[in-house]
Structures are given as structure tokens and as C-alpha cells.
Amino acid sequence: MRKRDRGRLIGLALVLAFASFVYQIPHVEAGTTLALDGSGNGSSVGGNCIWSQKLTTSNKPDVIVAIIAINDTTTTVTSVSDTAPLSWIFRARQTEPGNVQIVYYYAIASAPLFADSVTFGLSSAAVATICVDFGISGADTSVPFDPNVGMPNKNSGSSTTASLMYNTSNPNDFLIILEGFCAQGAAGSGSPPGFTPINGGGVRPSNCVAEGFQSVIYYEIVSTTQSSSSVTWPFDTAISPFAVIGDAIQSAPGPLSASVTAGSNTVDVGQLTSFSCTGTGGLPPYTYSWAFGDGSTGSGASTTHIYNTPGTMSVICIVTDSLGTTANEAVQLMVNPRTTLTSVTCAAPFIINHGSACNVTVTDNSPGTFITPAGTLVLSQTGVTGTFTACILGGTSGSATCSSTFTASTVGTATITASYPGDSTHASSSGATPITVNSALSITLFTASLTRVDPGEKVTFTVTTIGGYGTLSYSYANLPAGCLSTNSTILSCYPTSSGNYDVKVTVTDRAGESATSKVSVTVGPQRVLGLPQTTGLAVIFGAIAGVVVIAILSAFIAVRRRKRSQSPTAP
């Protein structure tokens, strides 16, 4: 043997020893669900694999993966069997155009395996082969592989590095890398970042004599969905032909369950409310259906609904997985009547036995689509007695109104209350307003300071009232000449013409109610010298006549005396 060949054999022996030390991991737990459950490996030059380590597993059920790497691309696998025995299913194959191919099978083991070995039937025995198998516990034995269309991912070529791309739908997956290559540089392969070697082996066929034909298997358990996750790693120091397959085995589904939440556990009639539901376990994807508790149904992971009647609703979300298994969960929802606001206003005047209009408004005060309140209002009063006419609501929007006439039969300060009893969709409410009921307007006294006066003599009229609403106004009629009406409780004037007068006063309140009263006044003829006119004039004319007579007599006497003084004295 040449020294160079002896060195290569020593190197290959070291590679195989290293592989036997590093790759033969009997059982590695990784988490509480998915885990590596034993591995085996073997190799052969010129025939089928001879298992140097047979597969023993500890758990059940397991997904069992078996790979055979072959040093040419024309030989085919004609059959797969094992000592268990298991039913093997082809999963994937990848070739490198030169002299590397890997073929990948899987089976389901319902019981733990002991020293199990796989036999691959080949179309040609003139090949070198490397075999690796391993078990995965906690996997979904019904649908073992992640359903993402990106899996499995395959690659091949001649390079110093290899790469794969992972896209998964299930966040909890057991990722694997199946690798076969013909090493042209330093023996061995670098581990892909984040991955752990499971097992491997190497042989030295005639078409791969540099550092030997090698195969290594790696795995990584992930808990997040992979999206275009690229893995690149070196496997040799010189350009070498390779073939790799990346795949994802998904975790076993837990029991299917549903989790439902409501946007609020209390809503009002007519208010939009939201719901969401999440399915877990089972086999995705899920479909969702809803029963809202009022006879209505819905679909989708998220949905909304409006209730038209109050009450306690049991909202049920039903989750169905891809196997047709169902699970449901319910949430209790209290649907309350829509809240209302009631207000009442009463229009003055408020006078005993006089009707006053009271207007009532009931407003829908809940969020969402307004619903017009309906029904008959109940009106009542405290502080006085009285009656109301019927008040039936009417309206076409979020508010409804009605009007009632209140007639009080006693006076005093009162409170008017309007009570809305509610309807099929609305809650009750009430409103109140204060009023003061006055007595009816009346004149208690209307007098004249003098009932008989002379022209020009002062007379005063005075009026006294009770009751009525608001400011009162006063009007006087049938006044003697010289007297003018005034808006006052007191009227003073000086009549200028004689006669008999029925003076009338009319008092009107703010509500337009009025009361009248009369008083009689006589205005006598005008007096002369404090005496009746004829007597006074007679006295004046008599006095004048007396003065004239006296003047005449005085003139006559004076004439007589003058004549005597001028005539001779009689002898």
C-alpha cells in the first residue's frame, strides 16, 4: 500500500471514529413534546447498508425517519423493510448530477423499537451506501409533516457550502437536514447554525476517494413559524458534490379546544358587539361558527353582532379542525335594555282649574343605532291635586314626545313627574319639573273716595285683587269727563261735567284671564258762593240789584238836597 493511500485510510478511520463518537446520540430529549428518540447508522461498499448501530426507541408512538445515501444517481431503491416490521412511505429524493443521491422514507411506530434495522432493496449492488435512521417522539403521527408547500426543501450542486430554506405553518416543528456529499477537502462537515447532529457515517468508494463519501443528519426543534428562514453551512474545504433535503415534522396536536372572548360582557340592545375565537390543538386549519344565543348565527374567527332584545345570552363558538373534530366554548353576555332620558316641561300659566300643557320627551341614550322609544307616559304631581290627560309617545328618531294637559284643583307649589315605564327594548326613566299653581284672578274691592262730587272736585278710585298669574294690568271705563284711564291700582282725577257714572275697572293677568268690577259716582251741578248754582246766582243778582237801588236812591236824595239849597228860604 502506498504511503499516500495509507494516510488517507488513517484519515478516513479518524473521520469514522469521530462520526461514531459525535453522531451516535441514543436519545436526546428537547422540550416536553417533540424530542429525538434514538438513532441508528450503517454503511457498506458494494452492497446494502450494514447497520453498525441499530435503532432503539423509548416512546410511543414515534415517527421513524430512514435515509440512504448512494454514491451514484442511477441506482434506485426498490423496497424498504425492517425487523419491526413497519410500513414505510417514500418522502423525498435528491440527486447531485455527478455521483451523490439521498433517498428519504418514513414510518409510524406504534410501540417502542428495539435493535431495529432497515433493509433497502437496491437496483444495483455495485454502489456504496450510508444509512441513518432515527425516531421522533411527540410528533403528529396522523399528519407527520408540516403542511406548508415549501416543505420539503431540496438542494444540490458542487460547492464548499450548502443551503436550505424553511417555510412552515406550524410553530412547533422538528426541523431536519439530510445531507450526502463526496468530500474533496478536509474530512467532515460543519454543523448548520442552530442545528445539532443526529448521526452519520462515511465510506470510501472508488468514485469518492479523496476524503470519502459521507452523510450526516441534523435537527433543530423550533417553537415559532419559519418564514423564508435560510440555513447555510460549510461542509468541505474544497468544492465537492452534495445533495441535501430539509424537512419539518410537526408536533402532535393536543386536544382540540376553543377559547372565546367578547369585546364586552355587557352591551345594550342595538349596540354592536364583537367576538373572537381561537382554536388550539387538533389539526389546523380551523373553521369557526357561532351561535349568538338569540337564534342568530355567524362564522369566522372574529365576528360582530347586534342584539335586538334584552336578556342573558349564551354565545357559543364552535371550532372545527381539518379532521372534522369539533370543540366549543361559551361566554355569557348580558344584553341590557337601551337607556333613556326623560324630561318634562310645563307651560305657564298654572292657575287653579285652568289647563296647562306639559310636554314630555323620552330620548334613546345608548350607543349604536337609535331605536325610537314607545309607550304611554305616567304623569303625577305632588303638592297640589289635579288631573292629566293621556300622554302617548310618538316619534321616528332617537327621541319620542307627547303632550298632556294638567288641570290643578288646588293652589300651591308642586312637582310634576313624568315616568317612562320602558318598552321591549328600552329601560324606564323619569324626569320632573317644579311649578306654582295660583288661584284664579278676582277683584276683592273697588271703591271711589267720594260717590258724589261737584265738578272740579277730586275723586280717587282704588282697586284690590287676589290670584291671577304674573303681572296684572288695569283699565278703567265710563269715567267722567276730566278723568283718564291709567294702568294702576289707584286713579285720581277731577271730573269736569256733572252726571251719574258707573265707573268700570277691568283687571287682566299675564295669562289673559280678567275680572271686572263697578262703582257709581255722581257729579253734581257747579256751586256758586258755596250754594247751589241757582241760589248762588240769585244771591249775586240780588246783591247787584240792591246796590243799584241804593245808588239810585242816593242820587235822588242828593238831587233833592241840591234843589233845596238853591231855592229861597220860605218865610
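Analysis parameters
Position numbers for residues start from 1 in each chain and track the written sequence from start to end. Residue-level local features of this predicted model are given only where pLDDT is at least 70; pairs of side-chain atoms are given and counted only at 80 or more, and the full residue set underlies all totals for whole chains, interfaces and linings. Water and hydrogen atoms play no part in the side-chain values, which are based on all heavy atoms of the structure. Starting at the N terminus, helices and strands are each numbered in turn, a helix being any DSSP run of H or I of at least four residues and a strand any DSSP run of E of at least two. When accessible area is computed with a 1.4 Å probe and restricted to protein chains, residues below 20% of their type maximum are described as buried, those above 50% as exposed, and intermediate ones as partly exposed. We call two residues in contact whenever any of their non-hydrogen atoms come within 4.5 Å of each other. The method behind every accessible area is Shrake-Rupley, applied with a 1.4 Å probe, and residues are considered shielded solely by the protein chains displayed. Here a polar contact means two N or O atoms within 3.5 Å. Within protein one must be a hydrogen donor candidate and the other an acceptor candidate, and residues neighboring in sequence count only if both atoms are side-chain atoms. Think of it this way: a Phe, Tyr or Trp ring, Trp meaning its six-membered ring, pairs with another when their centres are within 6.5 Å, and the plane angle makes it stacked under 30 degrees, edge-to-face over 60, tilted otherwise. Should DSSP find at least two bridges between two strands, the strands are taken to pair. Between N-to-C directions, angles span 0 to 180 degrees; the directions come from axes that are lines fitted to C-alpha atoms, helices contributing only their stretch in contact. In the sections that follow, a salt bridge refers to a side-chain nitrogen of Lys or Arg positioned within 4 Å of a carboxyl oxygen of Asp or Glu. Looking at any residue, its pLDDT shows the predictor's confidence there, from 0 to 100. Counting rule for disulfides: a pair of cysteine sulfur atoms within 2.5 Å. Side-chain atoms within 4.5 Å link the members of a nonpolar core, which is a set of buried Ala, Val, Leu, Ile, Met, Phe, Trp, Tyr and Cys residues. Like charges within 9 Å and nonpolar side chains (Val, Leu, Ile, Met, Phe, Trp, Tyr) within 5 Å are joined into patches, using only residues over 30% in relative accessible area that form no salt bridge. Residues scored as positive are Lys and Arg, those scored as negative are Asp and Glu, and His as well as the terminal groups of each chain are ignored. One atom stands in for each charge, and that atom is NZ of Lys, CZ of Arg, CG of Asp or CD of Glu.

It is worth spelling out the overall build of the protein chain at this point. Counting its secondary structure elements, the protein chain contains 2 helices and 37 strands. With 571 residues in all, the protein chain has 41% of them scored as buried. Across the protein chain, the fraction of contacts at a sequence separation of at least 24, relative to all contacts at a separation of at least 6, is 70%. Surface summary for the protein chain: the accessible area is close to 26,700 Å², and the carbon and sulfur share equals 56%.

For the rest of this paragraph, the subject is the side chain of Arg338. Considering the arrangement of structural elements, one finds Arg338 in the loop between β23 (326-336) and β24 (340-346). Polar contacts involving the side chain of Arg338 include one to the main-chain carbonyl oxygen of Val269, which spans 2.4 Å.

Take the packing of aromatic side chains next. What the rule picks out here adds up to 13 aromatic pairs. Taken together, a centroid distance of 6.3 Å and an interplanar angle of 80° make the contact between Tyr104 and Phe145 edge-to-face. Of this pair, Tyr104 sits in strand β6 (residues 100-109) while Phe145 sits in the loop between β8 (128-137) and β9 (153-159), and the two are 41 residues apart along the sequence. For Phe145, a relative accessible area of 7% corresponds to the buried category. Note on Phe275 and Trp290: the rings are 5.8 Å apart at their centroids and 40° apart in plane angle, and the pair reads as tilted. In this pair, Phe275 is assigned in strand β18 (residues 272-280) and Trp290 in strand β19 (residues 287-291), connecting sequence segments 15 residues apart.

This brings us to the sheet that holds strand β30 (residues 429-437). Spatially, β26-β29-β30 is the arrangement adopted by the 3 strands of the open sheet, whose pairing is antiparallel. Two strands in the sheet have a free side with no partner beyond their single neighbour: β26 (378-382) and β30. Taken over all neighbouring pairs, the strand axes of this sheet differ in orientation by 20° on average, direction set aside. As paired strands, β26 and strand β29 (residues 412-420) are joined by 5 bridges and run antiparallel to one another. Bridging from a neighbouring strand, Thr382 pairs with Thr415 of β29.

Turning our eyes to something else, we now look at the pattern of salt bridges. As a working rule, side chains carrying opposite charge can pair if their charged atoms are close by. Counted by the stated rule, this structure contains 2 salt bridges. Residue Asp247 pairs with Arg91 through a salt bridge whose shortest N-O separation is 2.8 Å. On the criterion of sequence distance, the pair formed by Asp247 in strand β15 (residues 240-250) and Arg91 in strand β5 (residues 89-96) is long-range, its members being 156 residues apart.

What follows concerns unusual backbone geometry. Both trends apply: most residues other than glycine have a negative phi, and most peptide bonds are in trans. Here the bond from Lys60 into Pro61 is cis, since omega is -15°, no more than 30 degrees from zero. Among the structural elements, Pro61 can be located in the loop between β2 (50-53) and β3 (62-70). Each neighbour pair has its own omega, and for Ala84 with Pro85 the value is -5°, a cis peptide bond. Residue position: Pro85 is located in the loop between β4 (77-82) and β5. At Ala115, a residue that is not glycine, the phi angle is positive and equals roughly 50°. Mapped onto the secondary structure, Ala115 falls in the loop between β6 and β7 (118-122). Judged by its relative accessible area of 28%, Ala115 falls in the partly exposed class. Of note in this structure, Ser228 is not a glycine but carries a positive phi near 50°. Mapped onto the fold, Ser228 is located in the loop between β13 (213-222) and β14 (229-234).

Moving on to the confidence of the model for the protein chain. Mean pLDDT for the protein chain: 87, with 90% of residues reaching 70 or above. Here residues 1-32 is a poorly scored stretch, pLDDT under 50, and it has 47 contacts once near neighbours within four places are set aside; other chains count.

Every disulfide links exactly two cysteines, by a covalent bond between their sulfur atoms. Taken as a whole and judged by the stated rule, the model has 5 disulfides. Between Cys346 and Cys358 runs a disulfide, and the two sulfur atoms are separated by 2.1 Å. Around the S-S axis, the bridge from Cys346 to Cys358 shows a dihedral of about 110° and counts as right-handed. In this pair, Cys346 is assigned in strand β24 and Cys358 in strand β25 (residues 355-364), connecting sequence segments 12 residues apart. Residue Cys358 is classed as buried on the basis of its relative accessible area of 1%.

With that out of the way, let us pick up the side chain of Thr340. Along the polypeptide, Thr340 turns up in strand β24. Among the polar contacts listed, one links the side chain of Thr340 to the backbone oxygen of Ala427, at a separation of 2.9 Å. One polar contact links Thr340 to Ser429, side chain to side chain, over a distance of 2.7 Å. The residues touching Thr340, leaving out its near neighbours within four places in the chain, are Val362, Thr363, Asn365, Tyr420, His426, Ala427, Ser428 and Ser429.

Next up on the list: the sheet that holds strand β28 (residues 399-408). What the 4 strands build is an open sheet, ordered β24-β25-β28-β27; its pairing is antiparallel. What marks the edges here is a single partner per strand, and that holds for β24 and β27 (386-388). The average angle at which neighbouring strand axes cross in this sheet is 25°, direction not considered. Where β24 meets β25, 7 bridges bridge the pair, whose relative direction is antiparallel. Each residue of the ladder has a partner; that of Leu341, found in β25, is Thr363.

Membership of the largest hydrophobic core comes to 31 residues, with the highest contact counts inside it found for Tyr104, Phe134, Ile136, Phe174, Ile176, Leu178 and Ile249. Among the elements that make up this core, the one with the highest residue count is β8 (5 residues). If near-sequence neighbours (up to four positions away) are discounted, Ile176 is found in contact with Tyr104, Phe134, Tyr166, Tyr218, Tyr219, Ile245, Gly246, Asp247 and Ile249. Counting 23 residues, the second-largest nonpolar core is a separate cluster that includes Leu441, Val463, Leu491 and Ala515.

Further remarks concern a nonpolar patch on the surface. Judged by side-chain polarity, Phe541, Ile544, Val548 and Ile552 come together as a nonpolar surface patch covering roughly 410 Å² of accessible area. Here Phe541 shows up in helix α2 (residues 533-566). For Phe541, a relative accessible area of 56% translates into the label exposed.

All right, on to a positive patch on the surface then. On the surface, a cluster of positive charge is contributed by Arg560, Arg561, Arg562, Lys563 and Arg564. Locating Arg562 in the fold gives a position in helix α2.

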